Amino acid sequence: METTNNNFLGIPPEHSSYESSRAVVLPIPFDCTSTFMKGADQGPNALIKASQQVELYDIESNSEPYQAGIFTAPPVEGETGISVNRDAERRVGQYLKDGKFILSIGGEHSVTLGPVRAHAARYKKLSILQLDAHTDLRNEYHDDPLNHACIMARCLEIVPTIVQVGIRSMDRAETSVNKMSHIFFAERIALDPNWIERATSLLTEEVYLTVDLD
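What you see is a predicted model, and the numbers here were worked out from it, not measured in a lab.

A short note on the sheet that holds strand E4 (residues 126-131)
So, step 1. Reading across the sheet, the four strands line up as E6-E5-E4-E7 and stay open at both edges, with parallel pairing between neighbours. The two strands at the open ends of the sheet, each matched to only one other strand, are strand E6 (183-185) and strand E7 (206-211). Taking each pair of neighbouring strands and ignoring which way they run, the sheet shows an average axis angle of 15°.
So, step 2. Judged from the three bridges that link them, strand E5 (residues 162-167) and E6 form a sheet pairing that is parallel.

Next up, the structure:
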């Protein structure tokens, strides 16, 4: 599939202007606290480019969802986690006010805080579903409470419920931060055919989904 439209899915202008779009894709190319391999700031552009190779027809729903409109917003950029999350919170808050559905793409996992704050301000019974290899529940890491390894601890200061799925690694100190009943470890869900029902039963009707690609 070839496209000359440098936006998410490479869709034409009639389906990608802000005014006509139901959804907004917000790139947040930030990489400051990554501790193993750098390059997370290249993620948004790479994902957008890869999306342009995806078929626009969705088999499961027998529809072309892009026709509802998807606007690719200018990226949120900044030098610190505080400034990036502050700007992301402001931008997402405005998009929500305008009735948009937001997909933010990082960037390291610490950029989750701003969008979560904006959604929690609008949806008072918000819960979070986290798909991740790590719990990210440390209070601070490398003397930084906004480190990627701390992001879900910060989110728990905003919302009461986080369900964590796919976890395979955590620090002992993290075991007391979230309810263990809300953590679904990778090796256990592989043997439990009912884990999806148990996980979703813990969520509210208003759910923020965060996915960490590790």
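Focus: the sheet that holds strand E2 (residues 70-72)
So, step 1. With parallel pairing, three strands are arranged side by side in an open sheet as E2-E1-E3. The open sheet has two free edges, formed respectively by E2 and strand E3 (101-106), since each of these has just one partner strand. When the angles between neighbouring strand axes are averaged without regard to direction, this sheet yields 20°.
So, step 2. In terms of strand pairing, strand E1 (residues 23-28) meets E3 through six bridges, oriented parallel. Within E3, the position partnered with Ile28 by the bridge is Gly106.
So, step 3. Against the sheet, helix H1 (residues 43-51) touches E1, E2 and E3, its axis set at about 120° to E3.

What about the environment of Leu113?
So, step 1. Following the sequence through the fold, Leu113 ends up in helix H3 (residues 113-122).
So, step 2. Between the alpha carbons of Leu113 and Met152 there is a distance of 8.4 Å; along the sequence they are 39 residues apart.
So, step 3. The contact partners of Leu113, leaving out residues within four places of it in the chain, are Asn85, Leu146, Ile151, Arg154, Cys155 and Ile158.

A short note on the packing of helix H2 (residues 81-97) against H3
So, step 1. Between H2 and H3, the shortest axis-to-axis distance is 7 Å and the interhelical angle comes to 40°. With respect to each other, H2 and H3 are oriented oblique. Between H2 and H3 the crossing geometry is right-handed. For the pair H2 and H3, contact is made by Asn85, Ala88, Glu89, Val92, Gly93, Leu96 and Lys97 and by Leu113, Gly114, Pro115, Arg117, Ala118, His119 and Arg122, respectively.
So, step 2. For the contact of H2 with H3, the per-class residue count stands at six nonpolar, four polar and four charged.

Description of the packing of aromatic side chains
So, step 1. The full count for this structure, using the stated rule, is two aromatic pairs.
So, step 2. Seen from their ring centres, Tyr18 and Phe71 are 5.3 Å apart, and the 80° between their planes marks the pair as edge-to-face. One end of the pair, Tyr18, is in the segment before E1; the other, Phe71, is in strand E2, with 53 residues separating them in the sequence. Summarising the burial analysis for this pair, Tyr18 and Phe71 share the class buried.
So, step 3. Ring plane angle 50° and centroid distance 5.8 Å describe the contact between Tyr18 and Tyr95, whose orientation is recorded as tilted. A residue pair is termed long-range when its members are at least 10 positions apart, and Tyr18 in the segment before E1 and Tyr95 in helix H2 qualify at 77 residues.
So, step 4. For Tyr18, a relative accessible area of 19% corresponds to the buried category.

Parameters and conventions
- Residues numbered from 1 in each chain as written.
- Predicted model: local features only at pLDDT ≥ 70, side-chain atom pairs only at ≥ 80, totals over all residues.
- Heavy atoms only, no water.
- Pairing = 2+ DSSP bridges.
- Helix = DSSP H or I, 4+ residues; strand = E, 2+ residues; numbered from the N terminus.
- Axes fitted to C-alpha atoms, helices over the stretch in contact; angles between N-to-C directions.
- Contact = heavy atoms within 4.5 Å.
- Parallel < 35°, antiparallel > 145°, perpendicular 65-115°, else oblique.
- Left-handed = near helix turned anticlockwise from the far one by under 90°.
- Nonpolar A, V, L, I, M, F, W, Y, C, P; charged D, E, K, R; others polar.
- Phe/Tyr/Trp six-rings, centres within 6.5 Å; stacked < 30°, edge-to-face > 60°.
- Buried < 20%, exposed > 50% of the residue type's maximum accessible area, 1.4 Å probe, protein only.

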